[in-house]
Amino acid sequence: MTKKLIILISIGFTLLFTFFSWPYKLGVTPDSVSYIQIVKSILLGNGIVDENGILITHWPPLYPLLIAHVTKLFNCSIITGAFILNVGLFSTIPIIYYNILKVIKINKTTIPFVVILLLTSYTSLVFIYFLSEGLFLVLLLLVTLLFIKWVITNSYKYLILAGVISSALILTRYAGFGYIGGFGFYILILHKSKIKPRLKAVLIYTITSLSLFILWLIYCYYFNNSNTIRNIDVFGFRFRRLLSLTKTIIYWFLYNGYIATVVLCLIVISFLKFKTIQKSIITQVKSCTPIILLFLTLLCSYTVFIVFSISFFDENVPVNTRIFFPFYFILLTLVVLILNPILKPKQYQPITIVLFIILLLSNILNTYQLRVNHYHNGTQYSAEVWKNSEAINYIKSKDTLNLYTNAHDIMRFYKNVNNYKFPFINTKTYDSTLQKMTQDVKQGKAKILFFDNINRRYFISKPDLLNHFKDFNIHNFKDGVLIKN
């Protein structure tokens, strides 16, 4: 009965997702523009390259490869192909998550409500974008399911399958290393078995989880690519960014800060006051310690990976919902697993029903406006505000246009024109790049187009730009400025 209900939930929420996304399909971000170009190159038989034939290694290749196959299969546009793929991926979330909850023995009557919480959460919003996060979440759920089955059964077939899916996880987002490291750490340090079986297990998991990624490295090597996947540098890390993340996670679950405080106080009071609840939870934690440790390990390992990435690879990685979106699924599962003994008994049902309603309303209030706005206006570059942009329409009206801009990705999306990025402030090349840009505009080789709707603080600011080029011809749009000789 529960499985049939989950299938109905999958169908219903997939239809809702399709309805709210259909008018504008998917939101297009700067990363999406690069993915679109990669898909174009794949369809043309040029491989995983950009419009200039340069191998792209900054993003792994699985997501654009899948979109290319779907686009070719349905003979549709790339945006529509990505939309079809995301719809298909979204429909699998309830089924996979149901199996995870079933394996860790969550009460059957509780499972549909927990699945609905996941489908209405911030995590589900990743599917409205032309990004790899949706595929990443599906693969992470699969890896987690298979790994839990291995923990319970010690059957190597589950570990091998988990390793293969983990390899696909890396080929979707390099952030997959953060979770794979957590799984590996669990096998080697936390799994309750003798040292030899643990070493054997970690070796099997390591080999299988790196199998597809090694093929990607070989492809890059034989492409004669001189660029590394990511450049290494030392940036440092500010821990207040993690404090900001903590606040964000609280608001994922509880829309209002005051409500969050009240609910947390009620949970603590219930735990301290009702001895039966306290004993039930303590007993549950003891009996489910291996699974609880696994989820805690994943939270810690991924956080460490992000801190490491920001410190040595990319200081501009945002510590926000997009980076930490899988945390909702992990935290939700942890809470439900720990509270499982008190979710079913009749004497506690009023409390659990109220808690579910609060969390569901919180999810709806957190995400409803974003979904409705996507339905009516689109999201980011595919939004109506960009389609009606004066600056965009100026670009469209020109056959050839060499530009310096703070939004080179928008130009690539709306019109494949030659364009160059603004000078990056606080860099050694800032002055020389600004001087070259000035000379190109002065000689009529290029123009400058500044978009007001783009806020990128690492580029030269609008006031500084206008001051530097005050002697040139300046044309104002409603949403930007054009500078030419």
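Residues numbered from 1 in each chain as written. Predicted model: local features only at pLDDT ≥ 70, side-chain atom pairs only at ≥ 80, totals over all residues. Heavy atoms only, no water.

On to the pairing of strand E5 (residues 480-484), then. In terms of residue burial, E5 counts as a mostly covered element, since four of its five residues are buried. Where strand E3 (residues 447-451) meets E5, four bridges bridge the pair, whose relative direction is antiparallel. Of the residues in E5, the one forming a bridge with Ile 448 is Ile 483. Both strand E4 (residues 473-477) and E5 contribute to a ladder of five bridges, which runs antiparallel. Within E5, the position partnered with Asn 476 by the bridge is Val 481. In this structure, the hairpin formed by E4 and E5 is closed by a connection of two residues. (Buried < 20%, exposed > 50% of the residue type's maximum accessible area, 1.4 Å probe, protein only. Helix = DSSP H or I, 4+ residues; strand = E, 2+ residues; numbered from the N terminus. Pairing = 2+ DSSP bridges.)

The next subject is helix H4 (residues 78-103). With 26 residues, H4 should cover 38 Å at 1.5 Å per step; its first-to-last C-alpha distance of 38 Å lies within 8% of that length. At Ile 93, H4 is bent by approximately 30°, the largest bend along its length, and proline Pro 94 sits one to four residues beyond. One or two residues past the end of H4 sits Lys 105, with phi positive at roughly 65°. (Expected span 1.5 Å × (residues − 1). Bend = angle between axes of the 7 residues up to and from the residue.)

Counted according to the given criterion, the structure contains four salt bridges. Note that Lys 436 and Asp 440 form a salt bridge whose closest N and O atoms lie 2.9 Å from each other. Of this pair, Lys 436 and Asp 440 both sit in helix H20 (residues 430-442), four residues apart, which is roughly one turn of the helix. Classification of Lys 436 by relative accessible area gives partly exposed; the value is 49%. Asp 440 sits in the buried class, given a relative accessible area of 11%. (Salt bridge = Lys/Arg side-chain N within 4 Å of Asp/Glu carboxyl O.)

Let us look at the packing of aromatic side chains. Taken as a whole, this structure holds 34 aromatic pairs when the rule is applied. Among the aromatic residues, those joined into a ring-pair cluster are Phe 136, Tyr 179, Tyr 302, Phe 325 and Phe 327. Directly above the ring of Trp 22 sits Lys 25, whose terminal nitrogen or CZ lies 3.8 Å from the centroid. (Phe/Tyr/Trp six-rings, centres within 6.5 Å; stacked < 30°, edge-to-face > 60°. Lys NZ or Arg CZ within 6 Å of the ring centre and 35° of its normal.)

What follows concerns the sheet that holds strand E1 (residues 403-405). Judged by pairing direction, the sheet is mixed, and its five strands sit side by side in the order E2-E1-E3-E5-E4 without closing on themselves. Whereas interior strands pair on both sides, the edge strands pair on one side only; in this sheet they are strand E2 (419-421) and E4. Along the sheet, successive strands turn relative to each other by an average axial angle of 25°, direction set aside. Looking at chain direction, E1 and E2 are connected through three bridges and run parallel. Of the residues in E2, the one forming a bridge with Thr 405 is Lys 421. (Axes fitted to C-alpha atoms, helices over the stretch in contact; angles between N-to-C directions.)

With that out of the way, let us pick up a nonpolar patch on the surface. A cluster of nonpolar side chains, Leu 5, Ile 7, Leu 8, Ile 11, Leu 15 and Ile 95, forms an exposed patch at the surface whose accessible area comes to about 530 Å². The dominant element in the nonpolar patch, judged by the number of residues it contributes, is helix H1 (residues 2-21), at five residues. (Patch = residues over 30% accessible without salt bridge, like charges linked within 9 Å, V, L, I, M, F, W, Y side chains within 5 Å. Areas by Shrake-Rupley, 256 points an atom, 1.4 Å probe, with all protein chains shown as cover.)

Formed by 128 residues in total, the largest nonpolar core has its most connected members in Tyr 97 and Phe 451. The leading source of residues in this core is helix H6 (residues 133-153), at 14 residues. Sequence-distant contacts of Phe 451, that is, excluding residues within four places in its chain, are made with Trp 386, Ala 391, Ile 392, Ile 395, Thr 405, Asn 406, Ala 407, Ile 410, Met 411, Asp 479 and Gly 480. The next biggest cluster of nonpolar side chains, apart from the first, holds 16 residues, and it includes Tyr 404, Met 437, Phe 450 and Leu 465. (Core = buried A, V, L, I, M, F, W, Y, C linked by side-chain atoms within 4.5 Å. Contact = heavy atoms within 4.5 Å.)

With that out of the way, let us pick up helix H8 (residues 176-190). Helix length check: H8, at 15 residues, gives a terminal C-alpha distance of 20 Å against a target of 21 Å (1.5 Å per residue), a fit within 8%. Residues Gly 176, Gly 178, Tyr 179, Ile 180, Gly 182, Phe 183, Gly 184, Tyr 186 and Ile 187 constitute the buried set of H8.

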